[in-house]
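Now for the letters of each chain:
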Amino acid sequence: MSKFIFVVGGVMSGVGKGTATASMGKILQDKGFKVTAIKVDPYINVDAGTMNPVEHGEVFVTDDGDETDQDIGTYERFLDTNICKENYMTTGRVYKSVIERERNLEYGGKCVEVVPHVPEEIINRIKLAAEKADADITMIEVGGTVGEYQNILFLEAARMMHLSNPKDVLFVLVSYLPIPDKIGEMKTKPTQYAARTLNSAGINPDIIVARSSKALDEPRKEKIAVFCSVEKEDIISAPDADTVYEVPMIFKDQDLANRIIQKFELKGKDGNGDKWEKIVNTIKTVKEPVKVGVAGKYFSTGDFVLTDAYISVLEAIKHAAWFHDRKPEIVWMNSEEFEQDKEKIKEINNLDGLIIPGGFGSRGIEGKIDAIQYVRENKVPYLGLCYGMQCAVIEFARNAAGLDGSQTTEIDPECEHPVIHIMDEQREKVTKSDYGGTMRLGAYPCVLHPDSVSRKAYGEKEVSERHRHRYEFNNSYRDILTEKGLMLAGRSPDRTLVEIVEVPGHPFFVASQFHPEFKSRPLSPHPLFRDFIKAAIERK
Ligand code: GLN
């Protein structure tokens, strides 16, 4: 039977609940426990796949093909495990199954009510995920902030679980302590209110993680302890860190793992976080930069530039750079600007390498294609991810194979040369507007060409990678494009689907239909990112 730790957020969103959850999981894992992590999100969407990445951040894809919140990616990177679809739920998903079960007469004629039936469904799902992962400890991050209307049923489920098994359930409040400029003092009142609000849902936190720009001092620790009824030793200081990967060490230094273990009356082993400490040390000491451009379109919201839409790409670049003892310097490029000002493309020459990540639709695509022409012709290392591979095929067809009018049918179904076209299995779905969770999703095998750069990078003949797409390389153009020098470096085992293209003779030009970024971890950078960064360093 697993123990359960609910992590809820107070004061405001974006304080790093996901990192705190993953970091707690990590230090408990280092104590010898099998840990899994669940994300519950309050919105009605059944999955994260239909949400705008600018507003919601990246859609993370699991091996088993779920489209989840980016926090699942954080858990995978910290815990170094593959998370399953059972570990992700939304209000929409929960309600959907309650309603389906009601329609199937599974409630035996009872009146099906919001309480208790919805929290009961949540509890069942949490227990199922814990069981499937065979976890000793299950972390459950509750999306949103305490006090908002939307996540109340998840808090109710947490309260009910605690009521029936008080010794097996802990609550962590991740709060925020502002230091207003004009006052110059760290303020605890919002945290006190957050704890009170949590109390009104019938929950008292066992641990408070106090996020702030600075470390928490003793007087404030005492104040929070008294006002929130939490032992002083369980108020954990979480100042802004140089890197998120340092957070487990910050927690460990405050003995958090042992505090949790004692509360659960468990017995832990002595820690084995050495490799992690080593990588954090590298992160904090590397100086020599490697400069990578990422050209996409999901950056700006109002006056702010956010990069959350590409978080796994960003992390994968970092992992690979650290592997080579380099400081990753990432330049965000809006591909629409390449369209408005052709001179801007020349800025790519100041980079050591370029990545074009996944994407959809027409906005910015011509800028991406022009940028790819630039890196192909000027021998700048290039890594294309999904749309970045499709754009590479279009660019090669137009400029190296002379196929003017090449395009993806995603943008122009009537184009002259549909070098990228919709997959057979997808056609009907798109016609019927059946969009939710219907792309080609999750892990599929890919067989590598023996002479390819990819084969060398992986050191294996066949690999498994995660996908999220509806369109694919059009095999009618296979002969002409390969004759003109494009290498089909990876294909599905039945050879029908092109998974990787390469341009031989280029320092590094690899583009994949899949998303390698989802499988990169701090201690095991993804082979394609690793060798891309190596080529970038060599260009430097
Ligand atoms: N829009 C493209 C497709 O659906 C690429 C998707 C992606 O980059 N994830 O095939």
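Not measured: the values here are computed from a predicted model.

S.K.: An account of the nonpolar core is needed here, citing residue identities and associated values.
M.R.: Within the largest apolar cluster, 47 residues are counted, with the highest numbers of intra-cluster contacts made by Ile5, Met24, Leu28, Met139, Val209, Phe251 and Ile260. Of all the elements, helix H1 (residues 17-29) adds the most residues to this core, at five residues. Residues within four places of Phe251 in sequence aside, it is in contact with Ala20, Ser23, Met24, Ile27, Val209, Ile236, Ala238 and Leu256. Counting 41 residues, the second-largest nonpolar core is a separate cluster that includes Ile38, Val94, Leu177 and Ala225.

S.K.: Give me the layout of surface pockets: which residues, what numbers.
M.R.: Empty space within the second largest pocket amounts to approximately 400 Å³. Forming the boundary of the second largest pocket are 26 residues, of which Tyr298, Gly358, Gly359, Phe360 and Arg468 lie nearest the centre. Elements with a minimum of two residues in the lining of the second largest pocket: helix H15 (387-399) and strand E19 (462-469). Of the residues assigned to the lining of the second largest pocket, the class counts are 13 nonpolar, eight polar and five charged.

S.K.: I'd like a description of helix H12 (residues 311-323), backed by residues and values.
M.R.: Residues spaced three or four apart along an α-helix face the same direction, because each turn holds 3.6 residues. Its 13 residues place the ends of H12 18 Å apart at the C-alpha level, agreeing with the 18 Å of an ideal helix rising 1.5 Å per residue. Counting buried positions along H12 yields 11 of 13 residues, so the element is predominantly enclosed. Buried within H12 are the following residues: Ile311, Ser312, Val313, Leu314, Glu315, Ala316, Ile317, His319, Ala320, Ala321 and Trp322. One or two residues past the end of H12 sits Asp325, with phi positive at roughly 60°.

S.K.: Hey, could you go over the side chain of Ser312 for me, with residue numbers and the actual values?
M.R.: Along the chain, Ser312 falls in helix H12. Within the structure, the side chain of Ser312 is placed 2.7 Å from the side chain of Glu58, a separation counted as a polar contact. Among all residues touching Ser312, those that are not within four sequence positions of it are Glu58, Phe60, Arg77, Glu517 and Phe518.

S.K.: Please set out the sheet that holds strand E16 (residues 406-408) residue by residue, giving values where relevant.
M.R.: Picture the strands of a sheet paired through backbone hydrogen bonds; they go either parallel or antiparallel. In space, the three strands of this open sheet follow the order E16-E17-E20, with mixed pairing throughout. What marks the edges here is a single partner per strand, and that holds for E16 and strand E20 (471-473). Within the sheet, the average angular offset between the axes of one strand and its neighbour, ignoring direction, is 30°. Sheet topology places E16 next to strand E17 (residues 417-422); three bridges connect them, and they run parallel.

S.K.: Requested: an account of the packing of helix H4 (residues 91-103) against helix H5 (residues 114-132), with residues and values cited.
M.R.: Interhelical geometry of H4 versus H5 gives an angle of 110° and a closest axis separation of 10 Å. Judged by the inter-axis angle, H4 sits roughly perpendicular to H5. Helix-helix and strand crossings are classified by hand; for H4 and H5 the assignment is right-handed. When H4 is examined against H5, the residues Arg93, Val94, Tyr95, Ser97, Val98 and Arg101 are found in contact with a partner set consisting of Val114, His117, Val118, Glu121, Ile122, Asn124 and Arg125. By residue class, the composition of the contact of H4 with H5 is six nonpolar, three polar and four charged.

Calculation rules
- Along each chain, numbering runs from 1 in the same order as the chain's sequence is written.
- Note on the predicted model: pLDDT of at least 70 is required for a residue's local features to be given, and 80 or more for side-chain atom pairs to be given and counted; whole-chain, interface and lining totals, by contrast, use all residues.
- Each side-chain value is derived from all of the structure's non-hydrogen atoms; neither hydrogens nor water enter the calculation.
- Take the buried residues of types Ala, Val, Leu, Ile, Met, Phe, Trp, Tyr and Cys, join any two whose side-chain atoms come within 4.5 Å, and each joined set is a nonpolar core.
- Think of it in three bands: with a 1.4 Å probe and only protein chains considered, a residue is buried below 20% of the maximum accessible area for its type, exposed above 50%, and partly exposed in between.
- Strands here mean DSSP runs of E at least two residues long; helices mean DSSP runs of H or I at least four residues long; both are numbered from the N terminus.
- Residue contacts are defined here by distance: any two heavy atoms, one from each residue, within 4.5 Å place the two residues in contact.
- Here a cavity is any set of points on a 1 Å grid over the protein atoms alone where a 1.4 Å probe fits but cannot get out, and a pocket is any open set with protein on both sides within 12 Å along at least 5 of 7 lines; a residue lines the site when it has an atom within 4 Å of a point.
- Grid points are joined across faces, edges and corners, and a volume is the space filled by probe spheres set on the points.
- Polar here means any residue outside two lists: the nonpolar Ala, Val, Leu, Ile, Met, Phe, Trp, Tyr, Cys and Pro, and the charged Asp, Glu, Lys and Arg; Gly therefore counts as polar.
- A helix is expected to span 1.5 Å for every residue after the first.
- The definition of a polar contact used here is a pair of N or O atoms within 3.5 Å, where within protein one atom must be able to donate a hydrogen and the other to accept one, and adjacent residues in sequence count solely through side-chain atom pairs.
- The pairing criterion is simple: DSSP has to find at least two bridges between the two strands.
- Helix axes are fitted to C-alpha atoms over the stretch in contact, other axes to C-alpha atoms as well, and angles between N-to-C directions run from 0 to 180 degrees.
- Here the word oblique covers every angle except those under 35 degrees (roughly parallel), over 145 (roughly antiparallel) and from 65 to 115 (roughly perpendicular).
- Note on convention: near helix rotated counterclockwise from far helix by under a right angle means a left-handed crossing. Clockwise means right-handed.

Purely geometric stuff here, so don't read any function into it on its own.
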